[in-house]
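A structural walkthrough
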Amino acid sequence: MTESVDGYRPAEDEPFMSERQREYFKRKLAAWKSDILREAQGTLNALANENPNHPDLADRASSESDRAIELRARDRQRKLIAKIDAAIARIEEGTYGYCEETGEPISLKRLEARPIATLSLEAQERHERKERVHRDD
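Residues numbered from 1 in each chain as written. Predicted model: local features only at pLDDT ≥ 70, side-chain atom pairs only at ≥ 80, totals over all residues. Heavy atoms only, no water.

**Topic: the nonpolar core**
Judged by nonpolar contacts, the single largest core of 22 residues is most densely connected at Phe-25, Leu-29, Trp-32, Ile-84, Tyr-96, Leu-111 and Ile-116. Of the residues forming this core, the biggest block, 6 residues, is contributed by helix α2 (residues 57-93). Sequence-distant contacts of Tyr-96, that is, excluding residues within four places in its chain, are made with Met-17, Phe-25, Leu-29, Ala-87, Arg-90, Ile-91, Leu-111 and Pro-115. (Core = buried A, V, L, I, M, F, W, Y, C linked by side-chain atoms within 4.5 Å. Buried < 20%, exposed > 50% of the residue type's maximum accessible area, 1.4 Å probe, protein only. Helix = DSSP H or I, 4+ residues; strand = E, 2+ residues; numbered from the N terminus. Contact = heavy atoms within 4.5 Å.)

**Side note on the side chain of Arg-90**
Topologically, Arg-90 is positioned in helix α2. The charged side chain of Arg-90 is buried without a salt bridge, its nearest counter-charge being Glu-100 at 4.6 Å. Arg-90 has contacts with Thr-95, Tyr-96, Glu-100, Ile-116, Ala-117 and Thr-118, leaving out every residue within four places of it along the chain. (Lys, Arg positive; Asp, Glu negative; His and termini not counted. Salt bridge = Lys/Arg side-chain N within 4 Å of Asp/Glu carboxyl O.)

**Here we look at the packing of aromatic side chains**
The full count for this structure, using the stated rule, is 4 aromatic pairs. Between Phe-16 and Tyr-98, the ring centres sit 5.1 Å apart and the planes meet at 85°, which makes this aromatic pair edge-to-face. Taken together, the residues Phe-16 in the segment before α1 (19-49) and Tyr-98 in the loop between α2 and α3 (108-113) connect sequence positions 82 residues apart. Note on Phe-16: relative accessible area 25%, which makes it partly exposed. The class for Tyr-98 is partly exposed, based on a relative accessible area of 31%. Judged by centre distance (5.5 Å) and plane angle (45°), the rings of Phe-25 and Tyr-96 are tilted. (Phe/Tyr/Trp six-rings, centres within 6.5 Å; stacked < 30°, edge-to-face > 60°.)

**Looking at α2**
With 37 residues, α2 extends 54 Å from end C-alpha to end C-alpha; this agrees with the ideal 54 Å at 1.5 Å per step. Tucked inside the fold, the buried residues of α2 contact α1. Following α2 by one or two positions, Gly-94 adopts a phi angle in the positive range, close to 90°. (Expected span 1.5 Å × (residues − 1).)

**Comments concerning the environment of Glu-39**
Topologically, Glu-39 is positioned in helix α1. Taking the C-alpha atoms as reference, Glu-39 lies 23 Å from Tyr-24; in sequence the two are 15 residues apart. Those residues within four positions of Glu-39 in sequence are excluded, and the remaining contacts are Arg-74 and Gln-77.

Printed below as a string of structure tokens:
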């Protein structure tokens, strides 16, 4: 995930979620999705070309384990792509960058680090504290 072609990076001293900021995050999300899809295609090619008939039982078990790990990783990435698509949809709707809980702007630093964020840092921390309390019950 890199900055846009013109070297632009959103700054705190400009209007929040201006057209330029929305375009920046849309490009950032699209590039991230493209990277994930490229990796997934490489995995599919590797799995398709792998010989499943290992004569040694240990090699076969190791291969199956590697395959299961790879498939779990791809499933996580499939879920991540859904979150990226949802973030792009929020950009189109004009709700991107605003906390789903409070309606307040999510900091640009947080959006740079996690462009799929739907909660402000404070709301996310509250959410995680609540989760921990309920998990301990």
